[in-house]
Amino acid sequence: MPEQGTPAVARLIGNTPMVEIRHIRDGVAPGVRLLAKIEGLNPGGSVKDRAAWNMLRRGLKTGALSSGKIILDSTSGNTGIALAMLGAALGHRVKLVMPDNVSDERKRLIAAYGAEAVYSSGLEGSDGAMMLAKEIYEKDPGTYFKPDQYFNEANTEAHYLGTGPEVWDQTGGSVTHFIASIGTGGTVMGTGRYLKEQNPAIEVIAVEPDDAFHGIEGLKHMASSIVPGIFHEDRLDEKLGISTDCAYDMVYRLGDEEALLVGQSSGAAMCGGLEVARRLDTGTVVMIFPDLGGRY
């Protein structure tokens, strides 16, 4: 049951559908299932609704998010949209720092929820936004509540409590491989931990861009980035590098062949899912599709 005082929109977060990928099976054995969890059907349009609400919920419970405080964080778009939506529902002002090269659709969505945007250099990516948000917060910490999505364990917890149990239940416990792309790392860490507790043989695999100068919006190339405090590579079974070309090409294939209009991070997850599935004779490969394609 939702906690008393939970905004109506927050009650819609989670329980997203899972669909089978039936046509894009290049070289995959008949005994292997490819399943995609469609996180773009959360009310704010992405998987980040889960983490955003859990971080705000934790802040409300501890009193850190008190009346009049402005919600401040850095974002590459999706977490910002989720915070803007939930901030509006809670009656809190929201200030978001994001790279100036995020898509116009994301900028407009944030503005539509009434949030204030502060832009950092697009050349510095999400790391630049993170540093500028830290600078703004430290100048006036009493004014802001900073969820700090890259270092807040409530991000990971959202997936341990929600995404993981959903994947387990929706597959009837048959999942053998779980794949998620890395932004903050919360999705793969939290979901992976839950699934490993149910069956230690499940392989948990993270997908990242294969190059520092990539074009997959929202994802981090860990070797060239500030590594989020909630990301622990030693808890993964594998980390796959995916090219920008593969991710973009897969977006168009998913639309054309599966009737799924998704974003680039979903394309990257699909590329990783195919790579893993081709190695198997039997198994159930579950991929997280973080958002839909309308915001790109």
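The shown structure was predicted, so the numbers you read here are calculated from the model rather than taken from an experiment.

Novice: Pulling in residues and values, what's your account of the overall build of the protein chain?
Specialist: The secondary structure content of the protein chain amounts to eight helices and 10 strands. In terms of overall size, the protein chain behaves like a compact globule, its C-alpha atoms giving a radius of gyration of 18 Å where 296 residues would be expected to give roughly 19 Å. Taken along its principal axes, the extent of the C-alpha atoms in the protein chain is 55 × 45 × 35 Å. Taking all 296 residues of the protein chain together, 56% fall into the buried category. Excluding contacts between residues fewer than 6 apart, the proportion of contacts in the protein chain whose partners are at least 24 apart in sequence is 73%. Both charge centroids of the protein chain, one from 28 positive and one from 38 negative side chains, sit 6 Å from each other.

Novice: Help me get a handle on the sheet that holds strand β10 (residues 282-289), residues and values and all.
Specialist: Pairing in this open sheet of six strands is mixed, and the strands run β1-β2-β10-β7-β8-β9 from one edge to the other. In the strand order of this sheet, the two ends are held by β1 (18-20) and β9 (238-242), each with one partner. This sheet shows a mean twist of 25 degrees between the axes of neighbouring strands, independent of strand direction. Relative to β10, strand β7 (residues 177-181) runs parallel, the two sharing three bridges. Following the sheet pairing, Phe178 is matched in β10 by Val286. Contacting β1, β2 (31-38), β7 and β10, helix α5 (residues 153-170) runs over the sheet at an angle of about 140 degrees to β2. The sheet contacts of helix α6 (residues 186-198) involve β7, β8 (203-209) and β10, and relative to β7 the element is tilted by about 165 degrees.

Novice: Outline the state of the cysteines, listing residues and values.
Specialist: What the rule picks out here adds up to one disulfide. Covalently, Cys246 is tied to Cys271 through a disulfide, its sulfur atoms 2.2 Å apart. The disulfide joining Cys246 to Cys271 has a torsion of about -115 degrees about its S-S bond and is therefore left-handed. On the criterion of sequence distance, the pair formed by Cys246 in helix α7 (residues 244-258) and Cys271 in helix α8 (residues 264-277) is long-range, its members being 25 residues apart. Residue Cys271 is classed as buried on the basis of its relative accessible area of 6%.

Novice: Please provide a residue-by-residue account of α5, values included.
Specialist: Side chains that are three or four residues apart share a direction in an α-helix, a result of its 3.6 residues per turn. Taking 1.5 Å as the rise per residue, α5 with 18 residues should run 26 Å; its terminal C-alpha atoms sit 25 Å apart, in good agreement. The axis of α5 is deflected most strongly, by about 35 degrees, at Tyr160. Of the residues making up α5, those classed as buried are Ala154, Asn155, Thr156, Ala158, His159, Gly162, Thr163, Gly164, Pro165, Glu166 and Val167. Where α5 is buried, its residues touch β1, β2, α1 (48-62), β7, α6 and β10. Among the residues trailing α5, Gly172 stands out with phi positive, at a value near 60 degrees.

Novice: Can you lay out the layout of surface pockets for me, pointing to particular residues and giving the numbers?
Specialist: Roughly 870 Å³ of internal volume is contained in the largest pocket. Forming the walls of the largest pocket are 46 residues, and the residues nearest its centre are Ser126, His214, Ile216, Gly218 and Leu219. Those elements giving two or more residues to the lining of the largest pocket turn out to be α2 (78-90), α4 (125-139), β7, α6 and α8. With three residues, the single largest contributor to the lining of the largest pocket is α4. For the lining of the largest pocket, a count of residues per class yields 15 nonpolar, 24 polar and seven charged. If you add up the space inside the second largest pocket, you get close to 380 Å³. Together, 16 residues line the second largest pocket, and Ala10, Ile13, Trp53, Ala158 and Gly162 are the ones closest to its centre.

Scoring rules and cut-offs
- Residues numbered from 1 in each chain as written.
- Predicted model: local features only at pLDDT ≥ 70, side-chain atom pairs only at ≥ 80, totals over all residues.
- Heavy atoms only, no water.
- Helix = DSSP H or I, 4+ residues; strand = E, 2+ residues; numbered from the N terminus.
- Rg over C-alpha atoms; globule rule 2.2 N^0.38 Å.
- Buried < 20%, exposed > 50% of the residue type's maximum accessible area, 1.4 Å probe, protein only.
- Contact = heavy atoms within 4.5 Å.
- Lys, Arg positive; Asp, Glu negative; His and termini not counted.
- Charge placed at Lys NZ, Arg CZ, Asp CG, Glu CD.
- Pairing = 2+ DSSP bridges.
- Axes fitted to C-alpha atoms, helices over the stretch in contact; angles between N-to-C directions.
- Disulfide = S-S within 2.5 Å.
- Expected span 1.5 Å × (residues − 1).
- Bend = angle between axes of the 7 residues up to and from the residue.
- 1 Å grid on protein atoms, 1.4 Å probe; cavity = no way out; pocket = protein on both sides within 12 Å on 5 of 7 lines; lining within 4 Å.
- Points joined across faces, edges and corners; volume = space filled by probe spheres on them.
- Nonpolar A, V, L, I, M, F, W, Y, C, P; charged D, E, K, R; others polar.

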